[in-house]
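Commentary on secondary and tertiary structure
Here are the chains, one letter per residue:
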Amino acid sequence: MRRITGKAKDETLIELQNATDSQTTDENNGNGVSLSELAILPGHTETDKLQTSRDTVFFRDGVRRIDFVLSYVDDKDGEKKQERRKEFEANLEKAGLELETEDKSESKDQKTYFLKIHAPWDVLATYAEVLKIKVPFKESDIPHGQDAPLEWLSHPLRLPEHIMRPQPDYFTYPFDKKKTDFFLISDKDTFFPPSTRSRIVFYILARCPYYNEGRKDREKTGIKRLLSNGTYAAAFPLHDCRYWKRARNAECESERYNLYKNWARFLCFYKEQPLNLIRKYYGEKIGIYFAWLGFYTEMLFFAALMGVICFAYGLLSYDDNVSSKEICDANIGGSIIMCPLCDKKCPFWKLNSTCLSSWQSHLFDNEGTVFFAIFMGIWVTLFLEFWKRRQARLEYEWDLVDFEEEQLQLQIRPEFEIQCTNRRLNKITQEMEPYLPVTSKCARFCLSAATVIFWISLIVACIIGVIAYRLAVYAAFASIIKDPMRKIQLVGRFITPQLATSVTASCINFVIIMILNFFYERVAIWITDMEIPKTHLEYENKLTVKMFLFQFVNYYSSCFYVAFFKGKFVGHPGAYTYMFGNWSTLRNEECDPGGCLIELTTQLVIVMTGKQMCGNIQEALLPVMRNWWSGRKGRHHPENHYSRWEQDHVLQNFSQLGLFYEYLEMVVQFGFITLFVASFPLAPLLALFNNILEIRVDAWKFTTQFRRPVASKARNIGAWLEILNAVAVLSVVTNAFIMAFTSDMIPRLVYLYAYSKGSNMRGYVNNSLSVYNISHIPLRSMPEEHDYWFDNSTTTCRYRDYRYPPGHEREYTHTMHFWHILAAKMAFIIIMEHVVFMVKFFVAWLIPDVPSDVKARIKRERYLVQEHLHNYEVERLKMQLSASFVTEPRSETSSSME
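First things first, this report covers the structure right here in the doc. None of the values given here were measured: they were computed from a predicted structure.

Before going further, it helps to examine the overall build of the chain. Helix and strand counts for the chain stand at 29 helices and 16 strands. Expressed as a percentage of the 898 residues in the chain, the buried residues total 51%. Pairs at least 24 residues apart make up 77% of the contacts formed inside the chain by residues separated by at least 6 positions. When the accessible surface of the chain is split by element, carbon and sulfur atoms take 60% of a total near 43000 Å².

Here it is as structure tokens:
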């Protein structure tokens with residue numbers, strides 16, 4: 001086959017003029033003008049004729065479609081790379097691919113070569129059979145679901161029918177090259193869609209060697225290795241048009257433009273997503289991600305609504321909060337002197353100084369919070385069960401029902417084939433296949449596990465460091481904010497030492513989280529590559545487990561500390577507990593008299609919103625800055641000067657792990673709104689707003705900032721579903737413990753129903769505080785200076801606990817009230833967990849994973865496929881018999897005449 005370069009203009013011009021089926025659409029009036037006619041129009045030079053076809057997805061002949069593009073530049077190591085390219089491209093031609101080169105003189109930068117690749121019908125048919133690609137053989141006669149009675153209410157949310165269903169429904173069957181007449185092949189050039197064509201070409205590129213036939217250097221194989229060593233600069237399939245304008249050529253589908261217009265613009269945030277068009281253009285794997293993200297966002301609406309109702313209840317019951325009124329009362333809270341919260345630097349303080357924080361705590365720590373925690377335990381089950389049903393429907397509609405994960409064995413990673421030099425006989429296929437010895441596999445696994453453990457230990461060490469910071473600076477904040485000689489009393493009224501410490505520690509912790517994330521992402525990819533997983537599915541699953549385990553500890557450990565450790569191991573005046581033993585000066589933190597829930601809320605808000613803001617900035621602004629820096633000028637250059645492959649070349653490459661990071665971001669967010677939602681009912685609302693933006697930002701990135709990714713199949717969201725299930729189960733436990741041990745709800749209920757007089761909360765604050773004799777405080781814990789309002793007549797101070805007062809025969813030991821509260825907490829945990837788990841399992845049992853109508857359609861389709869295939873084989877056999885019957889009499893007649 002003859003390859004064409006950009007310098008052969010005269011020869012190419014003749015080909016263009018002789019191509020009868022090549023047409024160009026005029027941008028202004030849309031009239032079709034053939035290139036041969038354009039050649040005789042006045043005012044058009046030969047260069048103009050060539051430039052009119054530069055924004056195209058076809059070869060220069062206007063017939064063969066460009067299925068893939070490779071780019072490269074000449075550099076100092078040019079001879080060695082040129083030899084690799086020569087061998088690689090020669091082997092591509094031997095594989096049946098057709099190539100066409102654009103010389104660097106034709107590119108805008110005058111230094112980049114572009115190699116355009118076309119797969120002819122024979123190549124597509126051969127590899128479609130190898131990859132078992134399903135293709136249509138009969139139009140579906142199964143009707144779509146009928147409209148619901150109030151379907152008209154959702155019309156404003158719907159997109160046009162041709163966008164939602166870009167192609168008719170067909171019955172499909174794995175392609176068989178020997179049965180081409182069985183399938184609906186009207187035009188071989190358009191039978192396989194562009195996404196399938198690029199997938200087949202990439203399969204060939206990933207396995208094509210770049211060495212001579214006489215040499216057997218298996219490492220010199222695949223486009224990925226050529227990209228890594230700089231032989232080629234990029235490899236990508238083309239977008240079908242510019243995103244802001246339809247393609248001039250009527251043969252181009254302009255699906256990118258439709259996606260941008262109806263999906264990627266933020267003004268479409270209230271519209272449904274064109275999932276079928278996404279799947280058709282980008283493949284099932286990306287389509288299933290956006291389907292899951294859209295469904296997750298829809299379900300968040302109900303959780304956000306219930307969270308707003310719970311928060312509104314806290315606002316409306318503001319005036320009924322007797323405990324906060326007592327704390328703020330000058331005669332009650334103002335007369336209660338509290339023991340110092342740290343050694344030396346912290347003074348004695350009055351209870352009413354925490355007035356504002358007690359009101360803030362009530363917004364999130366009220367009776368409605370218990371109901372909301374139970375609701376979220378049920379919501380997460382409904383979300384997962386309904387998603388399974390939605391996923392089953394998509395599997396049917398996208399022809400993934402019979403797609404088994406075993407088919408991914410056909411997609412063995414080229415890295416595995418190259419690095420595993422050992423071969424053994426496959427007992428099933430009876431063919432020799434590469435394998436990794438058990439000893440090597442165990443050694444790699446041990447090294448990987450040790451690396452993960454080291455990094456998790458590093459996170460724990462950083463958390464301990466942050467805790468030490470909290471303990472060390474608390475005293476400084478206490479001495480600054482409460483010092484009457486300093487002129488910051490206005491700030492001190494609103495910012496308590498606890499709040500200042502919590503906010504600054506949370507910010508520091510968030511910075512540490514982002515730094516550790518940056519390094520661990522690269523470490524996780526390195527150790528996963530070192531393990532040499534066999535298939536792409538196995539690679540993604542291993543990386544998923546490593547990354548989520550790290551992210552779980554990294555993002556949630558600080559919240560776990562505040563929720564379950566802070567204020568739980570404090571001791572009491574005279575017998576305080578210290579972080580590193582009694583020899584250290586870092587005394588364990590105490591909770592505010594209103595409880596630690598407000599600090600958990602602060603921690604959750606800072607880490608969750610900080611991560612979402614950083615993620616959105618990184619996703620939305622950085623691509624724009626990169627494209628600006630790289631000199632992208634797509635809108636400012638006419639298409640006749642700026643070719644389609646050059647426009648796509650300056651875009652960002654969508655890596656194989658690009659979708660992995662999108663899932664990871666959403667699953668971490670899912671953990672925030674489920675594991676600790678009892679402390680912040682507005683978390684689902686923040687997640688809802690973020691996800692509405694996330695969908696459109698991701699859509700915008702895919703359509704405008706990224707090169708078109710190679711389409712790939714996926715039946716479901718993979719290992720992420722198991723992670724979501726694990727988080728859902730854990731969330732029931734964490735929320736039960738938060739309500740029992742972090743919230744002040746259980747002590748209040750015990751006091752209300754067992755100890756109060758008159759069935760009200762009056763006297764609760766005084767009841768929840770124990771008394772300690774100031775003279776018994778050790779010298780190391782005594783404040784250096786007394787406050788101006790403190791006088792020697794005060795002999796006792798109060799602290800948050802349930803212990804006997806001084807002078808009692810069991811002084812400073814826990815009272816029976818303490819054990820009643822502990823028993824109530826344990827009972828609440830057991831009851832809440834059992835109730836929620838029973839409801840979860842009942843709902844999971846009640847809702848089938850596959851809808852009944854989908855089951856019926858699957859069975860009917862299988863029946864029709866078998867029937868149609870049977871009729872085809874019978875007709876084929878009849879034709880063969882009739883042909884043989886006609887041939888035999890003729891042979892007999894000719895023999896008799898002789």
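Having seen the structure, we can now continue with the description.
At their nearest, the axes of helix H12 (residues 284–316) and helix H15 (residues 367–397) sit 10 Å apart, and the two run at 160° to each other. One finds that H12 runs roughly antiparallel with respect to H15. Crossing hand, H12 versus H15: right-handed. Tallied by class, the residues present in the contact of H12 with H15 amount to 22 nonpolar, 3 polar and 2 charged.

Now for the packing of aromatic side chains. This structure, assessed with the given rule, holds 67 aromatic pairs. Seen from their ring centres, Tyr 289 and Phe 290 are 5.0 Å apart, and the 70° between their planes marks the pair as edge-to-face. Residue Tyr 289 is classed as buried on the basis of its relative accessible area of 0%. The aromatic ring of Tyr 203 is capped on one face by Arg 207, whose charged end is 4.1 Å from the ring centroid. In this structure, Arg 522 packs its charged tip against the face of Phe 518, placed 3.9 Å from the ring centre.

Under the definition given, this model contains 3 disulfides. One disulfide in the model links Cys 339 with Cys 797; its S-S distance is 1.9 Å. Its torsion about the S-S bond being 85°, the disulfide of Cys 339 and Cys 797 is classed as right-handed. Taken as a pair, Cys 339 in the loop between strand S9 (337–338) and strand S10 (349–350) and Cys 797 in strand S16 (residues 796–800) lie far apart in primary sequence, 458 residues in all. As far as burial versus exposure is concerned, Cys 339 and Cys 797 are alike and both buried. One disulfide bridge connects Cys 342 with Cys 346, the sulfur atoms lying 1.6 Å from each other. On the sign convention where negative means left-handed, the S-S torsion of about 100° between Cys 342 and Cys 346 marks this disulfide as right-handed. With respect to class, Cys 342 is no different from Cys 346; both count as buried.

Strand pairing within a sheet occurs via backbone hydrogen bonds; the two strands may be parallel or antiparallel. What the 4 strands build is an open sheet, ordered S4-S5-S3-S8; its pairing is antiparallel. Two strands in the sheet have a free side with no partner beyond their single neighbour: strand S4 (98–102) and strand S8 (234–236). Strand-to-strand, the axes of this sheet are offset by a mean angle of 20°, without reference to chain direction. One ladder, built from 5 bridges, connects S4 with strand S5 (residues 112–118); its direction is antiparallel. Across the sheet, residue Leu 99 finds its bridge partner in S5, namely Ile 117.

Before going further, it helps to examine the nonpolar core. One finds Trp 292, Tyr 296, Trp 379, Phe 383 and Trp 387 to be the most contacted residues of the largest nonpolar core, which totals 129 residues. At 15 residues, H12 tops the list of elements feeding residues into this core. Domain assignment of the residues forming this core places at least three in each of domain 1 (68–280) and domain 2 (283–400 + 561–566 + 592–631 + 645–850). When sequence neighbours within four positions are dropped, the list of residues in contact with Trp 387 reads Ile 288, Ala 291, Trp 292, Phe 295, Leu 394, Ile 717 and Leu 721.

Look at helix H28 (residues 816–846): 44 Å from first C-alpha to last across 31 residues, which is about the 45 Å you get at 1.5 Å a residue. Looking at the packing, one finds that the buried side of H28 touches H15, helix H25 (719–742), helix H26 (745–755) and helix H27 (764–767).

This part takes up the environment of Ile 204. Among the secondary structure elements, Ile 204 is positioned in helix H8 (residues 194–207). Under the relative-accessibility criterion, Ile 204 is labelled buried at 5%. In the structure, Ile 204 is positioned 18 residues away from Gly 222 in sequence and 8.4 Å away in space, judged by C-alpha atoms. Among residues more than four places away in sequence, those in contact with Ile 204 are Leu 92, Ala 95, Leu 97, Val 123 and Tyr 127.

Parameters at a glance
- Residues numbered from 1 in each chain as written.
- Predicted model: local features only at pLDDT ≥ 70, side-chain atom pairs only at ≥ 80, totals over all residues.
- Heavy atoms only, no water.
- Helix = DSSP H or I, 4+ residues; strand = E, 2+ residues; numbered from the N terminus.
- Buried < 20%, exposed > 50% of the residue type's maximum accessible area, 1.4 Å probe, protein only.
- Contact = heavy atoms within 4.5 Å.
- Areas by Shrake-Rupley, 256 points an atom, 1.4 Å probe, with all protein chains shown as cover.
- Axes fitted to C-alpha atoms, helices over the stretch in contact; angles between N-to-C directions.
- Parallel < 35°, antiparallel > 145°, perpendicular 65-115°, else oblique.
- Left-handed = near helix turned anticlockwise from the far one by under 90°.
- Nonpolar A, V, L, I, M, F, W, Y, C, P; charged D, E, K, R; others polar.
- Phe/Tyr/Trp six-rings, centres within 6.5 Å; stacked < 30°, edge-to-face > 60°.
- Lys NZ or Arg CZ within 6 Å of the ring centre and 35° of its normal.
- Disulfide = S-S within 2.5 Å.
- Pairing = 2+ DSSP bridges.
- Core = buried A, V, L, I, M, F, W, Y, C linked by side-chain atoms within 4.5 Å.
- Domains from an automatic or database assignment.
- Expected span 1.5 Å × (residues − 1).

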